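Summary of structural features
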Amino acid sequence: MIPRERCTYSAIVDRPPLKLPNQARIVVWTIVNLEFWSISRPMARQVLPAPTGQVLLPDVPNWSWHEYGMRVGVWRFFDLFAHLGIRPTLSINARVCREYRRVARAAREAGWEFMGHAWEQMPIHKVDDQAQMIAKSLDTLARFAGTRPVGWLGPGLTETYETPDLLAAAGIRYIGDWVYDDEPTEIKTTLGPLVTLPYSVELNDIPMMLVQHHESAYFTQRCIDSFERLYREGAERAKIMAIAIHPYISGQPHRIKYLQAVYDHISRHEGVLHWNGVEILDWYLSAKTEL
Amino acid sequence: MLPSERLDFSVISKRPRLTLPDGARLAVWLIVNVEEWDPTQPMPRTVLTPPAGGMPMPDIPNWAWHEYGNRVGFSRVIEVLDHFRIRAVLAINGSAISRYEPIARAALERGWEFIGHGFTQQSMQKVADERDDIHKTAAAIRGFTDRHPRGWLGPGLTETWETPDLLAEEGFEYVCDWVLDDEPVWLKTRTRPIVNLPYTQECNDVAMMLIQHHKASEYYDRAIDQFAQLYADADQSARIMALVVHPYIMGAPHRLRYFRDALAHIRDHGDVLFWTGEEILDWYLAQRGAG
């Protein structure tokens, strides 16, 4: 199905406002992305293209740069979120449970929500058998985490026209690929409605740091500017603000303090909930029936 | 026709003085671009590249990112313009009028000017039948507003050698694609001449945020600097200043304040007019007569 067959256009101002419990104004949804980059393929992202732009195979420098996130950077995340008392959603390539067992175990022990994020990091268009890959990923995560994930984010948010149908068939109840609203929405699939949660490509260290090449400090500024605006709007209508981070980017020594500064700013406000994806889903499903 | 066949070279300081009413130095016009992106085609702009690059189709994440502007961002842009009581110019794809009817209605209710912006968001050089595209766009606007549009902006300012001729023949009186002056100019066509109004690629969120990857605050800084210089230049002759926004860019929560603050600065000057394109056109025709 093309997107228009899954949802019609709807202006947010024409919808009745959703309300959060206890007069809360905003939900902050933090998503940590853990990925497996196969050394046998071109790297998902590059910090350093080879001299003269040649495509490297193997691409050891960029593979190592990502690997740093798993060896070092992610432990800065675990420290930070333990200190803050926040349990993020973990968007995880299922293969990470095998290849980086130590990291996945730390997330499980910290009580983070496991969200499906494919088997390994490549565009979903290039997967030969999507249904099989989705099933294998969810089975692996279910075995590892003890509960079957209810959420899914495509690698690079990628989808084909069939992906939402295949995800619904596999028991997925929310996806993060549709960054088209401030509220959860429902899209059609061949198996009934599927909820979209407002993930972010604006407050996301990949577009900001690797595509747009902003300075590290700008992460704080952009998140605060977003928060201030959404917090104001949250007086009338529940708002959700997603922050998407990767250990090889925001876990760098020079960036981690700018991530912490975001949460320091937010913590000075009343009426803020730090929820994971499944908590947002459960709230949405009950809040919309009360409208 | 080649550009040199459409107009002669002319130095701005050597032309007769233009004067605005009531001693105003500057007319500012504000153009809001509303587009429909076809999810079965490559996206006109992207915020996020897929893992390991390439252009896998469909591109759902970037489609959704643009759609956010029409679902959510546009209402923020409206809020700012209402606050400053500015009537903007809506440059809208013909197909977007019915697709995003609440947006078109909000613009119509506020007395904004509608100008043609291609029937869909694609280069005029890729449109199968350019005259038909222009004709359909004009018809869509006339059908909704009961007025034939007077102005035209090519999608991405694109033109073929023939575009100004076709626009004149289809009843358009001005075009915005030629960002070559601070004053309106006449362009020859194979029938009657057409006016070009000074649009901008400089104070334009597509160029600034998506291509040059500036911080949101640069929109404010650049608008202020641009304004200060044009305000000073107006000692010689009246000047026109354009500001361009797209709901999916400046309507993001973290960018809106910089747009609002830029307008607040300009609004503080009593000798500045906020005009629509047709107000600038009618004034220019009265000042300079027919081309």
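Figured I'd write up the structure that's included with this text. (Residues numbered from 1 in each chain as written. Chains lettered and ligands numbered in written order. Predicted model: local features only at pLDDT ≥ 70, side-chain atom pairs only at ≥ 80, totals over all residues.)

Considering the overall build of chain A
- Summing up its helical and strand segments, chain A has 10 helices and 9 strands in all.
- A compact globule built from 291 residues should have a C-alpha radius of gyration of about 19 Å, and chain A, at 19 Å, falls within 12% of that.
- Projected onto the principal axes, the alpha-carbon positions of chain A cover approximately 55 × 45 × 40 Å.
- The buried share of chain A, reckoned over its 291 residues, is 47%.
- Summarising the internal contacts of chain A: among those between residues at least 6 apart in sequence, 70% fall at separations of at least 24. (Helix = DSSP H or I, 4+ residues; strand = E, 2+ residues; numbered from the N terminus. Rg over C-alpha atoms; globule rule 2.2 N^0.38 Å. Buried ≥ 20, exposed ≤ 12 C-beta atoms within 10 Å, placed from the backbone. Contact = placed C-beta atoms within 7 Å.)

Some words on the overall build of chain B
- For chain B, the count of helices and strands is 10 helices and 9 strands.
- In summary, chain B has a C-alpha radius of gyration of 19 Å against a globular reference of 19 Å for 291 residues, a match within 12%.
- Reported as C-alpha extents along the three principal axes, the dimensions of chain B are approximately 55 × 45 × 40 Å.
- Residues classed as buried in chain B amount to 51% of the 291 residues present.
- Here the contacts in chain B between residues at least 6 apart in sequence split such that 70% fall between residues at least 24 apart.

Quick notes on the pairing of strand S2 (residues 89-92) of chain B
Residues and elements named next belong to chain B.
- Residue alternation in S2 divides its side chains into two sets, Val89 and Ala91 and Leu90 and Ile92, and both sets are buried.
- One ladder, built from 4 bridges, connects strand S1 (residues 26-34) with S2; its direction is parallel. Counted as the bridge partner of valine 34 is isoleucine 92 from S2.
- Running through helix H2 (residues 60-83), the crossover from S1 to the neighbouring parallel element S2 is right-handed. (Pairing = 2+ DSSP bridges. Right-handed = clockwise from strand over helix to strand, strands pointing away.)

Here's the deal with the interface of chain A and chain B
- If you look at the interface, chain A gives 43 residues, while chain B gives 32 residues.
- Only helix H7 (205-211) and helix H8 (218-233) of chain A provide two or more residues apiece to the side of chain A that touches chain B.
- Of the residues forming the side of chain A that touches chain B, the biggest block, 6 residues, is contributed by H8(A).
- Its residues placed into classes, the side of chain A that touches chain B shows 23 nonpolar, 10 polar and 10 charged. (Nonpolar A, V, L, I, M, F, W, Y, C, P; charged D, E, K, R; others polar.)

Things to note about helix H9 (residues 256-266) of chain A
All names here are of chain A.
- Three or more residues of H9 are buried, namely Leu259, Val262 and Ile266. The buried residues of H9 occupy an angular sector of 50 degrees when projected down its axis, which confines them to one face.
- Next to the buried residues of H9 lie strand S1 (26-34), helix H2 (60-84), H8, strand S8 (239-245) and strand S9 (272-274). (Arc of directions from axis to C-beta.)

Focus: the pairing of strand S8 (residues 239-245) of chain B
Residues and elements named next belong to chain B.
- Here S8 lies mainly inside the structure; 7 of its 7 residues are buried.
- Alternating residues of S8 divide into Arg239, Met241, Leu243 and Val245 and Ile240, Ala242 and Val244, and every residue in both groups is buried.
- Relative to S8, S1 is paired through 7 bridges, and the arrangement is parallel. Note on S8: the bridge partner recorded for tryptophan 29 is alanine 242.

Remarks on the environment of Ala252(B)
- On the secondary structure map, Ala252(B) appears in the loop between S8 and helix H9 (256-267).
- Classification of Ala252(B) as buried rests on a count of 26 C-beta atoms within 10 Å.
- Taking the C-alpha atoms as reference, Ala252(B) lies 25 Å from Asp268(B); in sequence the two are 16 residues apart.
- With sequence-adjacent residues up to four places away left out, Ala252(B) is seen in contact with Glu202(A) and Gly73(B).

Examining the environment of Asn33(B)
Residues and elements named next belong to chain B.
- Checked against the element boundaries, asparagine 33 lands in strand S1.
- Given 25 C-beta atoms within a 10 Å radius, asparagine 33 is considered buried.
- Note: C-alpha distance between asparagine 33 and alanine 139 (106 residues apart in sequence) is 18 Å.
- Residues in contact with asparagine 33, not counting those within four places in the same chain, are Ala91, His117, Val244 and His246.

Considering unusual backbone geometry
- Looking along the chain, the bond that leaves Leu57(A) and enters Pro58(A) is cis, with omega of 0 degrees.
- Inspection of the secondary structure puts Pro58(A) in the loop between S1 and H2.
- That bond from Met57(B) to Pro58(B) is cis: its omega, 0 degrees, falls within 30 degrees of zero.
- Structurally, the position occupied by Pro58(B) is in the loop between S1 and H2.

Quick look at the packing of H2(A) against H9(A)
All names here are of chain A.
- In the contact formed by H2 and H9, the axes pass within 11 Å of each other and the chain directions differ by 20 degrees. The angle between H2 and H9 falls in the class roughly parallel. The chirality of how H2 crosses H9 is right-handed. Contacts from Arg76, Leu80 and Leu84 of H2 reach H9 at Ile256, Leu259, Gln260 and Tyr263. (Axes fitted to C-alpha atoms, helices over the stretch in contact; angles between N-to-C directions. Parallel < 35°, antiparallel > 145°, perpendicular 65-115°, else oblique. Left-handed = near helix turned anticlockwise from the far one by under 90°.)

Observations regarding H9(B)
- Across its 12 residues, H9(B) extends 17 Å between first and last C-alpha, which sits within 8% of the 16 Å expected from 1.5 Å per residue.
- All of the buried residues in H9(B) are Leu256(B), Tyr258(B), Phe259(B), Ala262(B), Leu263(B) and Ile266(B).
- Contacts made by the buried residues of H9(B) are with H8 of chain A together with S1, H2, helix H8 (217-233), S8 and strand S9 (272-274) of chain B. (Expected span 1.5 Å × (residues − 1).)

A few points about the packing of H8(A) against H9(A)
Residue and element names in this part refer to chain A.
- In contact at an axis separation of 8 Å, H8 and H9 are set at 25 degrees when each is read in the N-to-C sense. Between H8 and H9, the angle is such that the two are roughly parallel. Here H8 and H9 pass one another in a crossing that is right-handed. Here Phe219, Thr220, Cys223, Ile224 and Phe227 of H8 come into contact with H9, specifically with Tyr258, Leu259, Ala261, Val262, His265 and Ile266.

Honestly, it's all geometry; don't read function into it.
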